[in-house]
Amino acid sequence: MLVTLNEVMKIAEEKKIAVGSFNTPNLESLQAVIGAAEELNLPVIIQFAQCHEPWIPLDLIGPIMVEAAKKTSVPVCVHLDHGETLEYLEKALEIGFTGIMYDGSILPYEENLQNTKKAVAMAAKTGASVEAELGSMGKRESGSGEAGGDDTKIYTDPGQAKEFVEASGIDALACSFGTTHGIYLTTPKLDFEVVKKVRDLTGNIPVVMHGGSGVSREDYHKAIQAGVRKINYFTYMDKSGGNAAAEYLKSLNTEEPVFFSSISMAARDAMKENVKAAMKMFALE
Ligand SMILES: [Zn+2]
């Protein structure tokens, strides 16, 4: 069933778990995530990032995501990930997304706050919930960025977070506490005190962890204990699909014909298993 981000966050808060938030920029990943959630009977967030527009336009995949969520037996939020402009957020709301993230983290604080307030007002009209970001994860969602990537990482200031949450009226806050988008080049060192302080100062706002791929089970659990309620996870799931497709191709004899549908299914099935493992970890199972 289609539910809002707030509703999913409420379930996470009650159970003291995090809900997995997976990007679904193709039908294979969409089937994988929905299938995993139904099999495990867990709530889930399916999301689409603005930077994935060149892969598939929001106009095309967005309505499919909303329809898929409606048909599902478990609570599913359809969320816009890293919306960079208010026009794009509006488009997602029109399609029926039940959560939107406005990412103004690269802007000066005041500009980020003003735009986030506008996003909150827009979402209120459709009943959708809003996630915003303070601090910077370094690399962008696309995993692109300068060599090393971490040079621009700025940890969230809990005092500023309190002010930002109160002034904007957002429903969830993406915090920077040591995670990075994309593949980790070095072992991440996470500062869970940032999360705990943000929670203490904001009356326990759900904290969102971006760059959730490639973090150890122990660190996921520590993050959830500290108050992370939404974990964005995509890179390693996408990689598992790519690996499965490569393995499938290797398994064929040179004379055998290659069918794209078979590659697609190998990728889908592998991504489902990868997502199931992540979902179980986030639900502390
Ligand atoms: Zn992100």
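Residues numbered from 1 in each chain as written. Predicted model: local features only at pLDDT ≥ 70, side-chain atom pairs only at ≥ 80, totals over all residues. Heavy atoms only, no water.

(A) Representation of the pattern of salt bridges in the model. The tally for this structure, following the rule as stated, stands at 13 salt bridges. With a shortest N-O distance of 2.7 Å, arginine 199 and glutamate 13 are connected by a salt bridge. Of this pair, arginine 199 sits in helix H7 (residues 192–202) while glutamate 13 is found in helix H1 (residues 5–15), placing the two residues 186 residues apart along the sequence. Each of the two residues, arginine 199 as well as glutamate 13, counts as buried. A salt bridge links lysine 272 to glutamate 39; the shortest N-O distance between them is 2.7 Å. Here the residue lysine 272 occupies a position in helix H10 (residues 260–282), and glutamate 39 occupies one in helix H2 (residues 27–40), the gap between them amounting to 233 residues. Its relative accessible area of 22% is what places lysine 272 among the partly exposed residues. Owing to a relative accessible area of 45%, glutamate 39 belongs among the partly exposed residues under this scheme. A single network of salt bridges, built from pairs that share partners, joins Glu39, Lys272, Glu273 and Lys276. (Salt bridge = Lys/Arg side-chain N within 4 Å of Asp/Glu carboxyl O. Helix = DSSP H or I, 4+ residues; strand = E, 2+ residues; numbered from the N terminus. Buried < 20%, exposed > 50% of the residue type's maximum accessible area, 1.4 Å probe, protein only.)

(B) Expanded view of a nonpolar patch on the surface. There is a patch of nonpolar side chains on the surface, built from Leu27, Leu60 and Ile64 and spanning about 250 Å² of accessible area. Tracing the backbone through its elements, the reader meets leucine 27 in helix H2. (Patch = residues over 30% accessible without salt bridge, like charges linked within 9 Å, V, L, I, M, F, W, Y side chains within 5 Å. Areas by Shrake-Rupley, 256 points an atom, 1.4 Å probe, with all protein chains shown as cover.)

(C) Just the pairing of strand E1 (residues 19–23), in detail. Taking burial as the measure, the five residues of E1 include five buried ones, the bulk of the element. Here E1 shows two buried faces, one formed by Val19, Ser21 and Asn23 and the other by Gly20 and Phe22. Alignment of E1 against strand E8 (residues 228–233), held across four bridges, turns out to be parallel. Paired with phenylalanine 22 across the two strands is tyrosine 233, which belongs to E8. Bridge analysis of E1 against strand E2 (residues 44–49) gives three bridges, and the strand direction is parallel. Directly across from serine 21, in E2, lies its bridge partner isoleucine 45. Handedness of the E1-H2-E2 crossover: right-handed. (Pairing = 2+ DSSP bridges. Right-handed = clockwise from strand over helix to strand, strands pointing away.)

(D) Representation of the packing of aromatic side chains. One pass over the structure, following the stated rule, counts six aromatic pairs. Their ring planes at 75 degrees and their centres at 5.8 Å tell us that phenylalanine 22 and tyrosine 233 sit as a pair that is edge-to-face. Of this pair, phenylalanine 22 sits in strand E1 while tyrosine 233 sits in strand E8, placing them 211 residues apart in sequence. Looking at tyrosine 233, the relative accessible area reads 7%, which means it is buried. With a centroid separation of 6.4 Å and 50 degrees between ring planes, the pair formed by phenylalanine 177 and phenylalanine 192 is classed as tilted. Of the two residues, phenylalanine 177 sits in the loop between strand E6 (172–175) and H7 while phenylalanine 192 sits in helix H7, which places them 15 residues apart along the sequence. Phenylalanine 192 gets classed as buried once you look at its relative accessible area, which sits at 14%. Through a chain of ring-to-ring contacts, the aromatic side chains of Phe22, Tyr220, Tyr233 and Phe282 assemble into a single cluster. (Phe/Tyr/Trp six-rings, centres within 6.5 Å; stacked < 30°, edge-to-face > 60°.)

(E) Up close: the packing of H2 against H10. Between H2 and H10, whose axes approach to 8 Å, the crossing angle comes to 45 degrees. As summarised for this structure, H2 and H10 are arranged oblique, according to the angle between their axes. Our pair here, H2 against H10, has a crossing hand that is right-handed. Judged by residue contacts, Glu28, Ser29, Gln31, Ala32, Val33, Gly35, Ala36, Ala37, Glu39 and Leu40 of H2 engage Ser264, Arg268, Met271, Lys272, Val275, Lys276, Met279 and Lys280 from H10. Its residues placed into classes, the contact of H2 with H10 shows eight nonpolar, four polar and six charged. (Axes fitted to C-alpha atoms, helices over the stretch in contact; angles between N-to-C directions. Parallel < 35°, antiparallel > 145°, perpendicular 65-115°, else oblique. Left-handed = near helix turned anticlockwise from the far one by under 90°. Contact = heavy atoms within 4.5 Å. Nonpolar A, V, L, I, M, F, W, Y, C, P; charged D, E, K, R; others polar.)

(F) Local environment of the pairing of strand E4 (residues 99–102). Of the two faces of E4, the one carrying Gly99 and Met101 and the one carrying Ile100 and Tyr102 are both buried. Where strand E3 (residues 76–83) lies against E4, three bridges are found, and the strand directions are parallel. What sits directly across from glycine 83, in E4, is tyrosine 102. When E4 meets strand E5 (residues 129–134), the two strands line up parallel, connected through four bridges. Counterpart to methionine 101 in the pairing with E5 is glutamate 131. At this point the chain moves from E4, through helix H5 (residues 109–126), to the parallel E5, and the crossover so formed is right-handed.

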